[in-house]
Amino acid sequence: MGVPTVVLILSAVVSFLGGLLFGYELGIISGALLWLKSEFLLTCFQQEVLVSAVLVGALVASLVGGFLIDRSGRRTSILASNLLVLGGSIILISSGSFSWLVVGRVTIGFAISISSMACCIYVSEIVQPHQRGMLVSLYETGITVGILLSYGMNYFLSSWKYMFGLAISPALLQFFSIFFLPSKLSTRNPSDEESHSGLIELLDTDNVEDPKRVYSFCDLFGTKDNMRTRTLLGSGLVLFQQFTGQPNVLYYASTIFCSVGFQSNSSAMLAAVGLGIVKVLSTLLAMSCADKVGRRVLLFAGCILMTVSISTIGCASFVIQLDTHKSCELLAYANSSNSTIRLKSIDNITVLLQDQLSDPKISAQDFTSRMLNNYTADVTSPIMGQVKHTDALVRDDQLQSNTFLNWVTLVSLMVFVSAFSFGFGPNL
């Protein structure tokens, strides 16, 4: 007796929405950061904390998630993660300070990590074995589509609150969809029974251990069943996935494009949309070729392309005149020094007034001219980033002279993301 069609469709929806939500929350910070750093005048360190806060939440969830999922059940864990996404999104859109932004991002990170673990386990348990691969692949596809969607919303939406708040929609859709799915199958899957009975007939029952045996953490590093090698290979793939820097590209895509010559936020976000499209197409290509070509071959090819593309970006960065004028530290200094500059300007005006009263030979025109020059010198001082008109013209000429290299960087970045998607993607 197979799984009902309705259950299969809803399982696919839940799996896809789980991946969509995960990818959206990963990618949305790329564009939102451009608005947040201007509105809250964030330092470089604060921006890094805000980006990594979601990873801190995910790290905590990875340590306790397995225990929570086993105790409360997969279905309940997914429902709870949806509520956490709702709560975290509300915290973000109502935040008025940097601290609350971090709290919201940590909450979101914890939620999507729990959801990512529970979703794949849950859908694989309620469908037949030959359907599990498709549903897990849908989750991976949902991640890339979510990243693309987040880049698109970064471009079309003009408020970071809307960007964060839009995550509520897929969370609610998944929440209500999973209500129509069973918590577990009422009967054992016939395919599982056939496989189990086949193994009993083929193997020596005297040497077969109890299938209900509970494995401990230490068994992962034992020699039995080659578990030590499997653990090292699995952990190595995950670690090297992070060491490639590809996740950082997703988080800082719009910021990277701004620094290499895309002058406006909208143009940088549009370039990020192109990056998201390439990632989706690469993931679909990897899904169709993984079983035919082989995951090992794709991994080698992906690593070679990533090496070539990232080396090209490194070489181009030595020639490109990066737009350092948009440094995040400049915003922070402006925030901390704004009141000091205003006080200094007031002091200068007071001195000028005293000179005017003590020296009747100073004309009103000379007084006004000296006052304006004094104030302008304060605002356009070298400490404040040298925001003079002539400097801006020089900087624009430098950026325009490297247009070709800017596009080389963009194409290389797309190749880098694409190579990761069909290299590491099918192996994780």
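What comes next concerns the included structure. Not measured: the values here are computed from a predicted model.

**Some points on the packing of aromatic side chains**
Here is step 1 of the chain: One pass over the full model with this rule turns up 6 aromatic pairs.
Here is step 2 of the chain: Measuring from centroid to centroid gives 5.5 Å for F175 and F176, while their planes differ by 90 degrees, and the two rings are edge-to-face.
Here is step 3 of the chain: Note on F176: relative accessible area 49%, which makes it partly exposed.
Here is step 4 of the chain: Between F175 and F179, the aromatic rings sit 5.1 Å apart at their centres with planes inclined by 85 degrees, giving edge-to-face as the arrangement.

**Examining the side chain of S11**
Here is step 1 of the chain: By the element assignment, S11 lies in helix α1 (residues 5–39).
Here is step 2 of the chain: Relative accessible area serves as the criterion here: at 0%, S11 is assigned to the buried category.
Here is step 3 of the chain: Here V7 takes part through its backbone oxygen, which lies 2.7 Å from a polar atom of the side chain of S11.
Here is step 4 of the chain: Not counting residues within four places of it along the chain, the set of residues in contact with S11 comprises V123, I126, V127, L135 and L181.

**Some points on the packing of helix α13 (residues 295–319) against helix α17 (residues 403–423)**
Here is step 1 of the chain: Between α13 and α17, the least distance of the axes is 8 Å, while the angle of their chain directions is 160 degrees. Overall, the two elements α13 and α17 adopt an arrangement that is roughly antiparallel. The handedness of the crossing between α13 and α17 is left-handed. From α13, L298, L299, A301, G302, L305, M306, S309, I310, T312, I313, A316 and V319 reach across to α17, where they touch L405, V408, T409, S412, L413, V415, F416, A419, F420, F422 and G423.
Here is step 2 of the chain: Residues that form the contact of α13 with α17 fall into these classes: 17 nonpolar, 6 polar and no charged.

**Thoughts on the nonpolar core**
Here is step 1 of the chain: The biggest cluster of nonpolar side chains holds 51 residues, and the ones touching the most others in it are Y122, Y151, I178, L181, F257, F262 and L275.
Here is step 2 of the chain: Top contributing element to this core by residue count: helix α12 (residues 265–293), with 9 residues.
Here is step 3 of the chain: With 28 residues, the next largest nonpolar core counts L42, A53, I112 and A167 among its residues.

Reading guide: rules and limits
Residues numbered from 1 in each chain as written. Predicted model: local features only at pLDDT ≥ 70, side-chain atom pairs only at ≥ 80, totals over all residues. Heavy atoms only, no water. Phe/Tyr/Trp six-rings, centres within 6.5 Å; stacked < 30°, edge-to-face > 60°. Buried < 20%, exposed > 50% of the residue type's maximum accessible area, 1.4 Å probe, protein only. Helix = DSSP H or I, 4+ residues; strand = E, 2+ residues; numbered from the N terminus. Polar contact = N/O pair within 3.5 Å; in protein donor to acceptor, adjacent residues only side chain to side chain. Contact = heavy atoms within 4.5 Å. Axes fitted to C-alpha atoms, helices over the stretch in contact; angles between N-to-C directions. Parallel < 35°, antiparallel > 145°, perpendicular 65-115°, else oblique. Left-handed = near helix turned anticlockwise from the far one by under 90°. Nonpolar A, V, L, I, M, F, W, Y, C, P; charged D, E, K, R; others polar. Core = buried A, V, L, I, M, F, W, Y, C linked by side-chain atoms within 4.5 Å.

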